Amino acid sequence: MEKEEDDAPLAVELEETVPVQPSSSHAKQLQGEDVSVGVTVITGYLGSGKSTLVNHILSTQHGKRIAVILNEFGEEIGVERAMINEGEDGALVEEWVELDNGCVCCTVKHSLVQALEQLVQMKERLDHILLETTGLANPAPLASVLWLDDQLEAAVKLDSIITVVDAKNLHYQLNELQNSSSFPEAFHQIAFADVIILNKVDLVSSGGSGEALKELENEIHKINSLADIIHSVRCQVDLSKILNCRAYDSKHSGHLEVLLEESKSLSTGDLHDSSVRTLCICESQKVDLDKVRLWVEEILWDKKDGMDVYRCKGVLHVRNSDELHTLQAVRELYDIVPARQWRSDEKQTNKIVFIGHNLKEDVLIDSFRGCIVTT
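Residues numbered from 1 in each chain as written. Predicted model: local features only at pLDDT ≥ 70, side-chain atom pairs only at ≥ 80, totals over all residues. Heavy atoms only, no water.

For the protein chain, an unreviewed UniProt entry supplies the name CobW C-terminal domain-containing protein and the organism Salix udensis. Per UniProt, the protein chain has the following entry under Catalytic activity (unreviewed entry): "GTP + H2O = GDP + phosphate + H(+)". (UniProt positions renumbered as here; feature names shortened; annotations may be inferred.)

1. Digging into the overall build of the protein chain
Of regular secondary structure, the protein chain possesses 10 helices and 16 strands. Burial analysis of the protein chain (375 residues in total) assigns 52% to the buried set. In the protein chain, the proportion of contacts linking residues at least 24 apart, taken out of those at least 6 apart, comes to 76%. Summed over all atoms, the accessible surface of the protein chain reaches about 18,000 Å², with 46% contributed by carbon and sulfur. (Helix = DSSP H or I, 4+ residues; strand = E, 2+ residues; numbered from the N terminus. Buried < 20%, exposed > 50% of the residue type's maximum accessible area, 1.4 Å probe, protein only. Contact = heavy atoms within 4.5 Å. Areas by Shrake-Rupley, 256 points an atom, 1.4 Å probe, with all protein chains shown as cover.)

2. Details of the pairing of strand 9 (residues 156-166)
Summarising burial for strand 9: 10 of the 11 residues are buried, a large majority. Two elements, strand 2 (residues 37-44) and strand 9, share eight bridges in a ladder whose sense is parallel. Paired with Thr43 across the two strands is Thr163, which belongs to strand 9. Here five bridges tie strand 9 to strand 10 (residues 195-199), and the two strands are oriented parallel to one another. The residue bridging Val164 from the neighbouring strand is Ile197, located in strand 10. (Pairing = 2+ DSSP bridges.)

3. As for the pattern of salt bridges
Taken as a whole and assessed by the stated rule, the structure comprises 13 salt bridges. Across the salt bridge formed by Arg369 and Asp366, the nearest N and O atoms sit 3.3 Å from each other. Given the relative accessible area of 48%, Arg369 is considered partly exposed. What you see here is one network of salt bridges that share partners, running through Lys303, Asp308, Arg331 and Glu332. (Salt bridge = Lys/Arg side-chain N within 4 Å of Asp/Glu carboxyl O.)

4. A few points about the environment of Val237
Summarising the element assignment, Val237 is placed in the loop between strand 11 (228-231) and helix 8 (253-260). Distance from Val237 to Ile57, taken between C-alpha atoms, is 9.4 Å for residues 180 residues apart in sequence. Filtering out sequence-adjacent residues up to four positions away, Val237 remains in contact with Leu53, His56, Ile197, Ile230, Ser232 and Ile242.

5. Quick word on the sheet that holds strand 13 (residues 308-317)
Sheet architecture is open: five strands sit in the order 12-16-13-14-15, paired in antiparallel fashion. Two strands in the sheet have a free side with no partner beyond their single neighbour: strand 12 (276-283) and strand 15 (333-341). Taken over all neighbouring pairs, the strand axes of this sheet differ in orientation by 10 degrees on average, direction set aside. Along the sheet, helix 7 (residues 211-223) makes contact with strand 12 and strand 16 (350-357), crossing strand 12 at roughly 55 degrees. (Axes fitted to C-alpha atoms, helices over the stretch in contact; angles between N-to-C directions.)

6. Quick look at the environment of Ala155
As for its position among the elements, Ala155 is in the loop between helix 4 (140-148) and strand 9. Each C-alpha atom, one on Ala155 and one on Val37, is 6.5 Å from the other, the two residues being 118 residues apart in sequence. Apart from residues lying up to four places away in sequence, Ala155 is in contact with Ser36, Val37 and Val120.

7. Quick look at the packing of helix 9 (residues 289-300) against helix 10 (residues 361-368)
At their nearest, the axes of helix 9 and helix 10 sit 11 Å apart, and the two run at 155 degrees to each other. By the angle between their directions, the pair helix 9 and helix 10 is classed as roughly antiparallel. Crossing handedness for the pair helix 9 and helix 10: right-handed. For the pair helix 9 and helix 10, contact is made by Val292, Trp295 and Ile299 and by Leu364, Ser367 and Phe368, respectively. Residues that form the contact of helix 9 with helix 10 fall into these classes: five nonpolar, one polar and no charged. (Parallel < 35°, antiparallel > 145°, perpendicular 65-115°, else oblique. Left-handed = near helix turned anticlockwise from the far one by under 90°. Nonpolar A, V, L, I, M, F, W, Y, C, P; charged D, E, K, R; others polar.)

Next comes the structure, spelled out in structure tokens:
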């Protein structure tokens, strides 16, 4: 593995601790529209370049006030370790480190929710929060907490999951356990990703043909055909491409257009492929929303026919409604909400994309037909 070496961003101690109570200005912001702070989860295989990406964000003069939460300050992150002290009655007190480009950095040893609540209560409004997941193979638990956690209410919202992959070693990482009943971490991290940073492309494209990179993109899209792929060298990426993606915003038009595009095939792999892949089913007739909920729960909760669904996105053509409904799921959690009116030039249909292991197209199609309105 290539060792990541970066100059440490300059860190200075904050003069004041993070206030526990929200400021009056923050309270006013909470009364407005769409004031939630977006949270981006950064994950990736060991050595992929996550630390390089974090250092890039912490040291670049990008004009944004971004908070970065780390599992811990390792040697790869050139920020002095933040101390966690015991406060009154055993309460945990985080010491935050502010960087010279306006970003804020901290570590989390215990309650992520508590750390996020502290962040959004800071005097100065944050533009975004990044959560780096060192040592965590599967980002699903974090996504579940951030997406539909009642404790956080409207203070923060899950924006997207970014996975950094090592272009030089990705093929090996994806195939090292291909004959095993379990799958490498790399599969899960790609499967849950909304954006994938294909890092270190300079190490595989020196020949200039570009064929090696195309093969890597194909391998990624076989697992997750919905994810956007960004090429990078040392994770030097345009932050606008990884922030404010609104991947979990049910009304974001960009995601709806991908699902509604009739000509685009989103399914990958063979019919009997038991590996991690993307599978898309379509049905033109109206469906009963209550039956759809029961159908989704049987798939996600009961793991119908041995299928293990990681992510799910879809649009629904619902009976007694002129609104397009969206379906999103992360592991066992799911949400179905009306997004907008169907447009006159749109074909009203149901289109659902699954990303998971051991997906069975015939079972999904046949069982979904039980949700069709018959009268």
